[in-house]
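For reference, the chains in residue letters:
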Amino acid sequence: DQRRADAYDELGLGGTYDLVFRNLPVLYDQHAQGTRALDFGCGTGRSTRFLQALGFTTTGVDISAEMVEYARRHESSGDYRVIVDGDFQSLPRSGFDLIQSAFTFDNISGLERRVRIMSGLRKLLDKSGMLVNIVSTPEIYTHEWVTFSTRDFPENATARGGDVVKIITTDYSDARPVEDVLWTHEDYLHLFEASGLEVVRVERPLATGDEGIAWKSETSIAPWAIYILTLS
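Student: In this structure, what is going on with helix α5 (residues 65-74)? I would like to understand it.
Tutor: Because an α-helix completes one turn every 3.6 residues, residues spaced three or four positions apart along the sequence face the same direction. Residues of α5 that are buried: Met-67, Val-68, Tyr-70 and Ala-71. The buried residues of α5 all sit within an arc of 155° when viewed along its axis, so they share a single face. Check the buried side of α5 and you find it contacts α1 (2-8), β2 (57-62) and β3 (79-82).

Student: It is not clear to me how the sheet that holds strand β8 (residues 178-181) should be interpreted in this structure. Could you clarify?
Tutor: Backbone hydrogen bonds hold the strands of a sheet together, and the pairing may be parallel or antiparallel. What the 3 strands build is an open sheet, ordered β6-β7-β8; its pairing is antiparallel. Each edge of the open sheet is held by one strand with a lone partner, namely β6 (148-149) and β8. Here 2 bridges tie β6 to strand β7 (residues 164-169), and the two strands are oriented antiparallel to one another. The partner of Ser-149 across the bridge, within β7, is Ile-168.

Student: Is there a simple way to think about the environment of Gly-209 in this case?
Tutor: Secondary-structure assignment places Gly-209 in the loop between β9 (197-203) and β10 (224-231). A relative accessible area of 42% places Gly-209 in the partly exposed class. Separated by 10 residues in sequence, Gly-209 and Thr-219 have C-alpha atoms that sit 6.3 Å apart. Excluding residues that lie within four positions of it along the chain, Gly-209 makes contacts with Trp-215 and Thr-219.

Student: Looking at this structure, how should I read the environment of Ser-136?
Tutor: Mapped onto the elements, Ser-136 comes out in strand β5 (residues 125-136). C-alpha of Ser-136 to C-alpha of Gly-45: the two residues are 91 residues apart in sequence and 19 Å apart in space. When residues no more than four places from it in sequence are discounted, the contact partners of Ser-136 are Asp-106, Tyr-141, Trp-183, Pro-223 and Trp-224. At 2.6 Å, the side chain of Ser-136 forms a polar contact with the side chain of Asp-106.

Student: Can you help me understand the pairing of β10 in this one?
Tutor: A regular strand places its side chains on the two faces of the sheet in alternate fashion. For β10, a buried count of 6 out of 8 residues is recorded, marking the element as mostly surrounded by other parts of the structure. Pairing between β5 and β10: 6 bridges, direction antiparallel. Residue pairing across strands places Asn-133 opposite Tyr-227, the latter belonging to β10. Here β9 pairs with β10 via 6 bridges, running antiparallel. In the strand pairing of β10, Val-202 is matched with Tyr-227.

Student: Looking at this model, I keep getting lost on the sheet that holds β9. Mind explaining?
Tutor: The strand order across the open sheet formed by 7 strands is β3-β2-β1-β4-β5-β10-β9, and the pairing between neighbours is mixed. Looking at which strands have only one partner, the edges of the open sheet turn out to be β3 and β9. Each strand axis lies, on average, 20° off the axis of its neighbour in the sheet, ignoring direction. Bridge count for strand β4 (residues 96-102) against β5 is 6 bridges, and the pairing is parallel. Across the sheet, Gln-100 pairs through a bridge with Val-132, a residue of β5. Taken strand by strand, helix α6 (residues 111-124) contacts β1 (36-40), β4, β5, β9 and β10, and its axis lies near 145° from that of β5.

Conventions we followed
Residues numbered from 1 in each chain as written. Predicted model: local features only at pLDDT ≥ 70, side-chain atom pairs only at ≥ 80, totals over all residues. Heavy atoms only, no water. Buried < 20%, exposed > 50% of the residue type's maximum accessible area, 1.4 Å probe, protein only. Helix = DSSP H or I, 4+ residues; strand = E, 2+ residues; numbered from the N terminus. Arc of directions from axis to C-beta. Contact = heavy atoms within 4.5 Å. Pairing = 2+ DSSP bridges. Polar contact = N/O pair within 3.5 Å; in protein donor to acceptor, adjacent residues only side chain to side chain. Axes fitted to C-alpha atoms, helices over the stretch in contact; angles between N-to-C directions.

The values are spatial; any link to function lies outside them.
Pasting the structure below:
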């Protein structure tokens, strides 16, 4: 809704998110073989602008018109598109060297739907391209973080793959909990195999403790998983 979009636009790439975004440039240098990028689930454009700053020519897509409107305000010349859930017909088949999905699959429920969407993204990938799927680990929903809180939701501890879990983002003005869908590592491996993708690398970044940030769980428990995928 508009209130959520307003709040989401306040977020930067710091705090707990920094553990992901500081690692991506090196991963992209090592694995990306072109400059055509798709940001799947671009939100208000922060992850799209991140890719552009790395030299990628980037298209950002999202199902939320409110989010995309913010992205266009930030960058009127950017290529931002609203798409219907899982409908990629407006995008070029085999047209991208890099597809980045930053936390988008945290909000996609149902195995059949997830396979349909991931398989659709696969068709957009160049034969030598890579898909980077950045997701929340199950542990993020049972600990405290610089950017998130879950202490009000003890029921998260008994959640299984496919269950709805709740988490509060403390770095923006909307105190309402976000409802995500919990998926395990095994769930993701099954998803990738069913979608015709091969895992070539998995990263679970931790904080070192030398960043000058009063981390909570970030130095010992990985809140994120980064999957580097290619066509199988």
